[in-house]
Amino acid sequence: MLNPQLNKNGELQHLLTIEGLPRSIVTHILDTASSFVGVSDREVKKVPLMRGKSVFNLFFENSTRTRTTFEIAAKRLSADVINLNISASSASKGESLIDTIDNLSAMHADMFVVRHSQSGAPHLIAKHLRDSGQDHVRVVNAGDGRHAHPTQGLLDMYTIRHYKQDFSNLTVAIVGDILHSRVARSDIHALTTLGVPEIRAIGPLTLLPAGLEQMGVRVFTDMNEGLKGVDVIIMLRLQNERMNGALLPSAQEYFKNYGLTPERLALAKPDAIVMHPGPMNRGVEIDSAVADGAQAVILPQVTFGIAVRMAVMGILAGN
Amino acid sequence: MLNPQLNKNGELQHLLTIEGLPRSIVTHILDTASSFVGVSDREVKKVPLMRGKSVFNLFFENSTRTRTTFEIAAKRLSADVINLNISASSASKGESLIDTIDNLSAMHADMFVVRHSQSGAPHLIAKHLRDSGQDHVRVVNAGDGRHAHPTQGLLDMYTIRHYKQDFSNLTVAIVGDILHSRVARSDIHALTTLGVPEIRAIGPLTLLPAGLEQMGVRVFTDMNEGLKGVDVIIMLRLQNERMNGALLPSAQEYFKNYGLTPERLALAKPDAIVMHPGPMNRGVEIDSAVADGAQAVILPQVTFGIAVRMAVMGILAGN
Amino acid sequence: MLNPQLNKNGELQHLLTIEGLPRSIVTHILDTASSFVGVSDREVKKVPLMRGKSVFNLFFENSTRTRTTFEIAAKRLSADVINLNISASSASKGESLIDTIDNLSAMHADMFVVRHSQSGAPHLIAKHLRDSGQDHVRVVNAGDGRHAHPTQGLLDMYTIRHYKQDFSNLTVAIVGDILHSRVARSDIHALTTLGVPEIRAIGPLTLLPAGLEQMGVRVFTDMNEGLKGVDVIIMLRLQNERMNGALLPSAQEYFKNYGLTPERLALAKPDAIVMHPGPMNRGVEIDSAVADGAQAVILPQVTFGIAVRMAVMGILAGN
């Protein structure tokens, strides 16, 4: 079966997931992003790559932060951006997802940036566009359910490459609620694709999914063990709804066992970097001394995220 | 009395309703739209006709779909677009409609696209602008109460002309909740203006307004009778609030009597086209086999709708 | 201590409050605004002063009207505008104000337009940007708590100068709920800075703050007394929440004592002008005969407000 993200020439047509993406494409995105990092520093921050193209931000699940990064990226590529918060509109009128997509396509959309609470929604859209001969429209997954958040995965890779250059000798630890995290899933696929030899998952048993070992991930429930000698620490956000539920005793208890403190950070390599997809829960999964410390690269992640999204959109629009 | 939509030279100044609009103006809009249909297919989808002009989308009633079509049309004309969802703002602070309009006019608005739940609101605004010497501001009615939805009427005419060329020998049936439909009202006026010899209205008695015959419309309560030999079928959306109310027994019952099925469609001419303003209630007013069938032109309607709205805005801005 | 709004060369870096702003800077803003008043009348209303710059409208408190004026001003300067309604997003996820700012800064924001219900929030942001070495980002206070609304103060000064030319011989009365009004506070500082010899505050004792006399303001609880011989009347909006609370008996009672009627207006100089920041409560603080009368300059205020905001943003972006 063809990879649904690639066209017949093997070029990227949609960005749905990092799983199964050839390493050459991942590297091409990171290389392209690096050419855009400078654009945001220029006096005029725009390039005309998508002038006259219409990008629709389709957010079936609210996320101002992610929507904003895509909106900025698209505007810096000179695209026209239309923001649609779908829960508040057609969905409430009972229109199906596919009817909504067909309608927007008929308005000559060039790209859909899709956020959806249901895993697989962007795939469904991409498949429908292909099946119905609307091959000119591109789809970018901006986070679907627990499944994938590929642009976050890519910006994380960009950040790691920026600080560590070479993936081939790294140990990377992902810490927290891996069970519910599309970021963790995308990071694991990306790290694997780029040849990282050791990927670790650290968290309480109730927040670790089955099958991690089969993906080549080493699992730790003891954070002090898991952090020993790592080069990169990717902290995950603990969702508010987990904090006083059945899976965890309390936020305080969580911090005691899995909060990243300066003491714990000292167990990693001295030049280890600390990442977080944001927004942070200070005092829950991460201590402020670490979040604001010299090893944190959390704000550079945000900056690189704009360039990576520009790269993805620019490449898709060009293919 | 002067037609409030025309200036002293008989040029279109506001688009408030199709009723009373000279045939030459309707035809001019359709001709202009046809020059814009190609724009959306170009690599760069923009024309500079409204560069530096400010278009305000004033939606006193929520409609993401219609707002989006106007936003896209305005951006393709290179206008700056400001979206205002008024229910959430000044209206809640007790400011009057006229004060809101005066304030936005004072910000040098060039055009108001107005959607309002009350019939006549766009007329009121246009009249106020004229009376207060603010003649440089244009008004487009994007749907007011049960009264009119002229751009929908025009895009429906564009669609019919595209597929049937000549209006002078057509039979057109409008099916459904005609009583509450501003689309039906605008379509009937447009079809009459363009010289369609036979217009039919099909629906249950409780959803047919009085006075249709006086407008030259043939009324049918039996759908099978009404569809016989028609060239064009315009299905109307059945509003959710009608479905379990006093006017209708149930959605199932409605579909049984007035749903457009392949069997019923077969009663029309073999080359009849099926239209729908969207969003569709599949299985209520229309069967999916028809909605997705070869005779449906529902998605082309959406595409033509962008071009028609570009034409209306471009013409108004130029006059 | 350095004025936190100025850089080392004494140039405006942020606009946080009119208090303490040198007269030369206030005058420079008004002079610059006057060069922009013509821009909105031109066929193409744009100047390229902020092309490629990203302006973030950060509205922690909802205000469609003020947000719209900044959005229009920024777009006429050719900036890219990102609207963020923060209450609905990160704030609800428990992210701190400073983390939100750092994130948006990392996206290479050039300017934050900040509206916040808490006094001092824009100062806090400006201080943080300075302390963390993010000196390239500019902050404009679009209204913070009861503290300041400097662009409203400046547009009021622009309006007064437009109609009265010289500040040095004026008597200006501010009428209404001065206690809760950031507009009143900004106006008093601006009038003082520009050398207005007599500033009056008129209102019920319960709505007058302590310390007005120390600011050089003459206080009147009798409106007829206070209006005698004034050149300028600035009416304040009576917030709905005051109308049936402990501070006021009722809206009717308020109008009887402090509503601006034609009779009361006759007590002012014959060429006195009437101002109001909007939105007006007709029949509460102002009679419609006055609001729509020949002496009202309320809509010109709105027009000048766009030019003043263009001036502020343009100056900040250039420094």
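Small disclaimer: the values here were computed from a predicted structure and weren't measured.

Across its full length, chain A carries 12 helices and 9 strands. Against the 2.2 N^0.38 benchmark of 20 Å for 319 residues, chain A shows a C-alpha radius of gyration of 19 Å, consistent with a compact globule. By its C-alpha atoms, chain A is 55 × 40 × 40 Å across when sized along the principal axes. Evaluated residue by residue, chain A yields a buried proportion of 63% over its 319 residues. Per element, the accessible surface of chain A, about 11400 Å² overall, is 52% carbon and sulfur. Of the charged side chains in chain A, 31 are positive and 31 negative; the average position of the first set lies 3 Å away from that of the second.

All names here are of chain B. All told, the structure shown has 9 aromatic pairs over all chains when counted by the stated rule. Measuring from centroid to centroid gives 6.0 Å for F56 and F112, while their planes differ by 70°, and the two rings are edge-to-face. Here F112 lies in strand 3 (residues 111-116) and F56 lies in strand 1 (residues 54-59), a separation of 56 residues in the sequence. Take F56: its relative accessible area is 0%, and that puts it in the buried class. Note that R309 overlies the ring of F70, its terminal NZ or CZ placed 4.9 Å from the centroid.

Residues and elements named next belong to chain A. With respect to topology, 5 strands assemble into an open sheet ordered 7-6-5-8-9, the strand pairing being parallel. Each having just a single partner strand, strand 7 (217-220) and strand 9 (273-275) make up the two edges of the open sheet. Taking the axes of each pair of neighbouring strands and ignoring which way they run, one obtains an average angle of 20° across the sheet. Looking at chain direction, strand 8 (residues 232-235) and strand 9 are connected through 3 bridges and run parallel. Opposite I233, over in strand 9, you have V274 as the bridge partner. Sitting on the sheet, helix 5 (residues 150-164) touches strand 8 and strand 9, and the angle it makes with strand 9 is about 165°. Sheet strands touched by helix 6 (residues 182-193): strand 5 (171-175), strand 6 (198-202), strand 7 and strand 8. Its angle to strand 5, the strand with the most contacts, is close to 170°.

Okay, the side chain of S78(C) next. Relative to the assigned elements, S78(C) resides in the loop between helix 2 (64-76) and strand 2 (80-85). A distance of 2.8 Å separates the side chain of S78(C) from the backbone oxygen of V47(C), its partner in a polar contact.

With 26 residues of chain C in contact, the opposing surface of chain B contributes 22 residues. Regarding the contact of chain C and chain B, the summed buried area is about 2200 Å², with carbon and sulfur atoms giving 50% of it. Of all residues in chain C, K45(C), R65(C) and L299(C) give up the largest surface area on contact with chain B, accounting jointly for 20% of the area buried on that side. One can count 3 salt bridges joining chain C with chain B.

The next subject is the interface of chain C and chain A. Interfaces are often sized by the amount of accessible area the parts lose when they come together. Taken residue by residue, the interface counts 22 residues in chain C and 26 residues in chain A. Both sides of the chain C and chain A interface together cover about 2200 Å² of buried area, and 49% of this is carbon and sulfur. At the boundary of chain C and chain A, one finds 3 salt bridges. A salt bridge links R282(A) to D99(C), with the nearest nitrogen and oxygen atoms 2.7 Å apart. In this assembly, chain C and chain A are joined by 9 residue pairs in polar contact (both at pLDDT 80 or more). With 5 residues, the top contributor of residues to the side of chain C that touches chain A is strand 2 of chain C.

With that settled, the discussion passes to the relation of the copies chain C and chain B. By a simple turn and slide, chain C fits onto chain B: the slide is 0.0 Å along the axis, the RMSD is 0.0 Å, and the turn is 120°. Here the two chains are linked by the operation of a three-fold rotation axis.

Our next topic: the pattern of salt bridges. Opposite charge on two side chains lets them pair, provided their charged atoms get close. In the structure shown here, the tally under the stated rule is 45 salt bridges over all chains. The salt bridge involving K46(A) is made with D80(C); its shortest N-O contact spans 2.6 Å. Highlighted residues: K46(A) in the loop between helix 1 (23-37) and strand 1 (54-59) and D80(C) in strand 2, drawn from two different chains. Taking the relative accessible area as the measure of exposure, K46(A) reaches 22% and is therefore partly exposed. Looking at D80(C), the relative accessible area reads 13%, which means it is buried. Taken together, the shared-partner salt bridges in this structure form one network comprising E61(A), R115(A) and R182(A).

The subject of this paragraph is the packing of helix 5 of chain A against helix 6 of chain A. Residue and element names in this part refer to chain A. At a closest axis distance of 8 Å, the pairing of helix 5 and helix 6 adopts a crossing angle of 50°. In terms of orientation, helix 5 lies oblique with respect to helix 6. The way helix 5 lies across helix 6 gives a crossing that is right-handed. Contacts between helix 5 and helix 6 involve P150, Q152, G153, D156, M157 and I160 on the former and, on the latter, V183, S186, D187, A190 and L191. Looking at side-chain class alone, the contact of helix 5 with helix 6 contains 6 nonpolar, 3 polar and 2 charged residues.

In contact at an axis separation of 8 Å, helix 12 (residues 298-318) of chain A and helix 3 (residues 97-106) of chain C are set at 40° when each is read in the N-to-C sense. By the angle between their axes, helix 12 of chain A is oblique relative to helix 3 of chain C. Seen from above, helix 12 of chain A lies across helix 3 of chain C with right-handed handedness. Residue-level contacts link L299(A), V302(A) and T303(A) of helix 12 of chain A to D102(C), N103(C) and A106(C) of helix 3 of chain C. Among the residues making up the contact of helix 12 of chain A with helix 3 of chain C, the classes are represented as 3 nonpolar, 2 polar and 1 charged.

Turning to unusual backbone geometry, a few remarks are in order. All names here are of chain A. Between G278 and the following residue, P279, the backbone shows a cis peptide bond with an omega angle of -15°. Mapped onto the fold, P279 is located in the loop between strand 9 and helix 11 (288-291). Of note in this structure, H108 is not a glycine but carries a positive phi near 65°. Its location among the elements puts H108 in the loop between helix 3 (97-106) and strand 3 (111-116). Residue H108 is classed as buried on the basis of its relative accessible area, which comes to 16%. In this structure, Q165 takes a positive phi of about 60° despite not being glycine. Along the polypeptide, Q165 turns up in the loop between helix 5 and strand 5.

What counts as what
- Chains are numbered independently. Their residues run from 1 in the order of the written sequence.
- Just so you know, chain letters begin at A and ligand numbers begin at 1, following the order they were written in.
- In view of the model being predicted, local features appear only for residues whose pLDDT reaches at least 70, and side-chain atom pairs are presented and counted only at 80 or more, with totals across whole chains, interfaces and linings using the full set of residues.
- By convention in this description, side-chain values take in all heavy atoms of the structure and omit both hydrogens and water.
- Helical segments are the DSSP runs of H or I of at least four residues, strand segments are the runs of E of at least two, and each set is numbered from the N terminus.
- Each radius of gyration is computed over the set of C-alpha atoms, and the globule rule expresses the reference value as 2.2 Å times the number of residues to the power 0.38.
- Think of it in three bands: residues with accessible area under 20% of the maximum for their type are buried, residues over 50% are exposed, and the middle band is partly exposed, with areas taken using a 1.4 Å probe on protein chains only.
- Note on areas: Shrake-Rupley with a 1.4 Å probe; residue coverage comes only from the protein chains shown.
- Here the positive residues are Lys and Arg and the negative ones are Asp and Glu; neither His nor the chain ends is included.
- Positions of charges follow a simple convention, taking NZ of Lys, CZ of Arg, CG of Asp or CD of Glu.
- Two rings from Phe, Tyr or Trp (for Trp, the six-membered ring) form a pair when their centres sit within 6.5 Å of each other. Planes less than 30 degrees apart are called stacked, planes more than 60 degrees apart edge-to-face, and all others tilted.
- In our convention, an over-ring charge means Lys NZ or Arg CZ found within 6 Å of a ring centre and within 35 degrees of that ring's normal.
- The criterion for strand pairing is that DSSP finds at least two bridges linking the strands in question.
- Under this scheme, a helix contributes an axis fitted over its contacting stretch, all axes are lines through C-alpha atoms, and angles between N-to-C directions fall in the 0 to 180 degree range.
- Between two residues, a contact is recorded if the distance between any of their heavy atoms is within 4.5 Å.
- Each polar contact in these results corresponds to two N or O atoms within 3.5 Å; when the atoms are within protein, one needs to be able to donate a hydrogen and the other to accept it, and residues that are neighboring in sequence are counted only if both atoms are side-chain atoms.
- A 1.4 Å probe defines the accessible area here, and the buried area is the portion of it lost by two parts on being joined, summed over both.
- By definition, a salt bridge exists where a carboxyl oxygen of Asp or Glu is found within 4 Å of a side-chain nitrogen of Lys or Arg.
- Residues reaching a pLDDT of at least 70 in both copies supply the C-alpha atoms on which the copies are superposed by least squares.
- Note that the term roughly parallel is reserved for angles under 35 degrees, roughly antiparallel for angles over 145, roughly perpendicular for angles of 65 to 115, and oblique for everything else.
- Note on convention: near helix rotated counterclockwise from far helix by under a right angle means a left-handed crossing. Clockwise means right-handed.
- Put simply, Ala, Val, Leu, Ile, Met, Phe, Trp, Tyr, Cys and Pro go in the nonpolar bin, Asp, Glu, Lys and Arg in the charged bin, and everything else, Gly too, in the polar bin.

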